[in-house]
Amino acid sequence: MRINPVANDYNLRRLYFTIFLQIKQNGMLNFKKRKENESEMTRIDWRLEVEKRKDVLLAETQEFLKINSVFDEATITKERPFGNGIDQALSYLLNKAESYDFTVKNLDGYAGKIELGTGEESVGILCHIDVVPAGEGWTSPPFSADIRNGRIYARGAIDNKGPTMAAFFALCLVKELKLPLTKRVQLILGTDEERGWRCVDHYFKHEEMPTVGFAPDADFPIIHAEKGIADVLFEWTVEQGAAAALTLRKFSAGERLNMVPDRAIAELEGERAELDQLERRFRKHLLEQQHNGEAIFTGDEQLTLMYEGVAAHGSTPEAGINAGVELAAFLTPFSFQEQAVSYLRMITALLKNGTRGEALGIAQEDQVSGRLTVNGSLFSWDEKEAGFGLNIRYPVTADGQTCLQRLEQKMSEFGAKMMVKDHMTPSYVDAKHPLVRTLQAVYQRQTGEEPSLLSTGGGTYARTLATGVAFGPLFPGRKDVAHQKDEYIEIEDLLKAAALYAEAIYELAGGQ
Ligand SMILES: [Zn+2]
């Protein structure tokens, strides 16, 4: 359009003035509204996009689940540090990704990386492809990936090969839709999550830490706080003391630090009359407490007691009944040799009344992750040495070192030597962090559910990321079948997770 220069000058000035006025009055508002409408209009229906490709996702997930990726000592080589099965699963996914034109890398058989996009920053998705042994009693073979009742049944279906496929599929979807990314997205494939996490140790020794990330290996909506976890052992040398009416020969309970011991055993010796009396009291005690146990005379003057508690995970000791503590508390009033009495008394005093660490002087709590918990496990006593172990889970805002120092000081009162066997500091991403906010928005948009933030006393794979949270795959209300026979993933949930991961990838890596 040609314009008369004079009129044009006037018109232009008028136009500028109108624009100026509009912006001044409500222009910015209008602008904002238009942006919202625009993104509404161009918003991708992620669930629909996944649905369109559902058959491929199901077929590939089944194929992947058919690979038995249990750690296999017998086939370990330098290139296959965890054996044939895990190597096969890792190669399967890396080859597939390569055929789809992703940049892939195999980290000496310890881990894999599938990368998309360019940019300074990176978004990591941390999965694992190893599975726990199948065990017995499956309805269909554990590596047949049978589909029944809208579910895929296989070892690894929910932990973590199914979700790994959902995340990989999500990445494929973002690529296929040619969505612009300003950050790199890295799908990191761990191979040793179920045993020692050597995969991630190796990976992060050689590769960069993603700027932010999530691990689809726990629960939806989002776990943003994981307590610090410390495994601590105490030891004593037992000196010979004066003889007493009864002798404690052996006391033991617990096999693993992160479990509440469900069985404790005490081997006693003494005069028959004393033992008879103790046995009667033990049986009465079991009846009163409604607990199972046994008292067996293994000789005229030898009695073995077995007390059955209730096992529970070390992160929720209050949910169990600690057989070691219960049996120690029962035995404390009897006249054993002095050294044994002090051991039993100490256990009782420190652990009988609660699992929050009050008696140990380390009780504390915070709003984000709740109370510190203490699980007493691995009790052992004989006439030469004694020990016990604690699995402590402290709140995310607590100082782990101070907590351990206090513990050491407290236990030195009992003459114990303390050893920290393992210590994982807390993992916590603030509720206001863009990573958390973004995932919350995606979750709410797609599911219509409240994207509440969760904390855990357990250790999820997400804690190996510097700034990472756990995001799925188990939806609220779903049964956790990980590590169990007939493990499955609901197909509906697999599709839902893929759609959530795809939008999460786009929102996290596609922004400015
Ligand atoms: Zn897992």
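Residues numbered from 1 in each chain as written. Predicted model: local features only at pLDDT ≥ 70, side-chain atom pairs only at ≥ 80, totals over all residues. Heavy atoms only, no water.

1. Looking at the coordination of the zinc ion
Then, number 1: Around the zinc ion, the protein contributes the donor atoms His128 (NE2), Asp159 (OD), Asp217 (OD) and Asp217 (OD), at 2.0 to 2.6 Å from the metal centre.
Then, number 2: For the zinc ion, the four donor atoms in the first shell make angles of 52 to 141° at the metal, a pattern classed as irregular.
Then, number 3: Mapped onto the polypeptide sequence, the residues donating to the zinc ion form the spacing pattern H-x30-D-x57-D. Here His128 is found in strand E3 (residues 122–128), whereas its partner Asp159 is found in the loop between strand E5 (151–153) and helix H5 (161–176), with 31 residues between them in sequence.
Then, number 4: Since its relative accessible area comes to 0%, His128 is described here as buried. (Donors = N, O, S within 2.8 Å, 3.2 Å for Na, K, Ca; no water. Tetrahedral: all angles 85-135°; square planar, octahedral: opposite > 155°, others 65-115°. Helix = DSSP H or I, 4+ residues; strand = E, 2+ residues; numbered from the N terminus. Buried < 20%, exposed > 50% of the residue type's maximum accessible area, 1.4 Å probe, protein only.)

2. Notes on the pairing of strand E11 (residues 246–253)
Then, number 1: In this sheet, strand E12 (residues 263–270) lies alongside E11 in antiparallel orientation, the contact comprising seven bridges. Bridged to Thr247 within E12 is Glu269.
Then, number 2: Sheet topology note: the E11/strand E17 (residues 373–381) ladder contains three bridges and is antiparallel. Looking across to E17, one finds that Ala253 is bridged to Phe379. (Pairing = 2+ DSSP bridges.)

3. Things to note about empty space enclosed by the protein
Then, number 1: This structure, assessed with the given rule, holds one cavity of 30 Å³ or more.
Then, number 2: Of the pockets and cavities examined, the largest cavity occupies roughly 50 Å³.
Then, number 3: What lines the largest cavity is simply Ile158, Leu474, Arg478, Lys479, Val481, Tyr488, Ile489, Glu490 and Asp493.
Then, number 4: At three residues, the largest contribution of residues to the lining of the largest cavity is made by strand E24 (residues 488–490).
Then, number 5: Taken together, the residues that form the lining of the largest cavity break down as five nonpolar, no polar and four charged. (1 Å grid on protein atoms, 1.4 Å probe; cavity = no way out; pocket = protein on both sides within 12 Å on 5 of 7 lines; lining within 4 Å. Points joined across faces, edges and corners; volume = space filled by probe spheres on them. Nonpolar A, V, L, I, M, F, W, Y, C, P; charged D, E, K, R; others polar.)

4. What about unusual backbone geometry?
Then, number 1: Cis rather than trans, the peptide bond between Phe220 and Pro221 has omega equal to -5°.
Then, number 2: Looking at the element boundaries, Pro221 is found in the loop between strand E8 (218–219) and strand E9 (222–226).
Then, number 3: In this chain, Gly472 is followed by Pro473 through a cis amide linkage whose omega measures 10°.
Then, number 4: One can find Pro473 in strand E23 (residues 473–474).
Then, number 5: Positive phi values are uncommon outside glycine, yet Ala145 reaches one of about 50°.
Then, number 6: Relative to the assigned elements, Ala145 resides in the loop between E3 and strand E4 (146–148).

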